[in-house]
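# Structural overview for review
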Amino acid sequence: MERPVVGLIGDGSFQYAVQSIYTAAQHNLPIVYVVMRNHEYSILKSFAVLEETPGVPGLDLPGIGIASLARGFGCRAVEAETTDDLEREFTAALSAGTTTVIVVPTQPQKAML
């Protein structure tokens, strides 16, 4: 029995795990990565507040081309601007037979620790 493999990750965490998409693409694994793009390291901002060090520089991530990075690592990559886009692209990714990265815009929000 085959089951789809889906990874859900934020754009900040994606920066820590970008080598995983390269490995998946090199092995032609049909993994679907959904990257929630809120333009920040949300969890690190929450840790900074918890540690009473708010305002840590470098935690905002404007202008990173997640889909371009994914393509550069050999993945199929798309951006889904609406829920209809997401549904269509997710369905296509499940049958693509290759590693796919779907970038979904989200609103920044404080991470719950």
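A short tour of the structure in this document, coming up. Worth saying up front: this structure is predicted, and the values here are computed from it rather than measured.

### Observations concerning the packing of aromatic side chains
- Under the definition given, this model contains two aromatic pairs.
- Plain terms: the ring middles of Y16 and Y41 are 5.8 Å apart, the flat faces sit at 50° to each other, and that makes the pair tilted. Within this pair, whereas Y16 is found in helix α1 (residues 11-16), its partner Y41 is found in the loop between β2 (31-37) and α3 (42-50), the two being separated by 25 residues in sequence.
- Accessibility expressed as a relative area gives 54% for Y16, which makes it exposed.
- Both rings, one in Y22 and one in F73, keep their centres 6.0 Å apart while their planes meet at 70°; by these two values the pair is edge-to-face. On the criterion of sequence distance, the pair formed by Y22 in helix α2 (residues 18-26) and F73 in the loop between α4 (66-72) and β3 (76-79) is long-range, its members being 51 residues apart.

### Quick word on the environment of E87
- Structurally, E87 can be placed in helix α5 (residues 83-94).
- Residue classification places E87 among the exposed positions, given a relative accessible area of 54%.
- C-alpha separation for the pair E87 and L8, spaced 79 residues apart in sequence, amounts to 15 Å.

### Some remarks on the layout of surface pockets
- Quantified by volume, the largest pocket comes out at close to 260 Å³.
- What lines the largest pocket is a set of 16 residues, and nearest its centre among them are G10, M36, N38, S42 and I43.
- Listed by contribution, the elements that provide at least two residues to the lining of the largest pocket are β1 (5-10), α1 and α3.
- Per-element accounting of the lining of the largest pocket gives the leading share, three residues, to α1.

The rules behind the values
Residues numbered from 1 in each chain as written. Predicted model: local features only at pLDDT ≥ 70, side-chain atom pairs only at ≥ 80, totals over all residues. Heavy atoms only, no water. Phe/Tyr/Trp six-rings, centres within 6.5 Å; stacked < 30°, edge-to-face > 60°. Helix = DSSP H or I, 4+ residues; strand = E, 2+ residues; numbered from the N terminus. Buried < 20%, exposed > 50% of the residue type's maximum accessible area, 1.4 Å probe, protein only. 1 Å grid on protein atoms, 1.4 Å probe; cavity = no way out; pocket = protein on both sides within 12 Å on 5 of 7 lines; lining within 4 Å. Points joined across faces, edges and corners; volume = space filled by probe spheres on them.

Shape is all these values report; function is a separate question.
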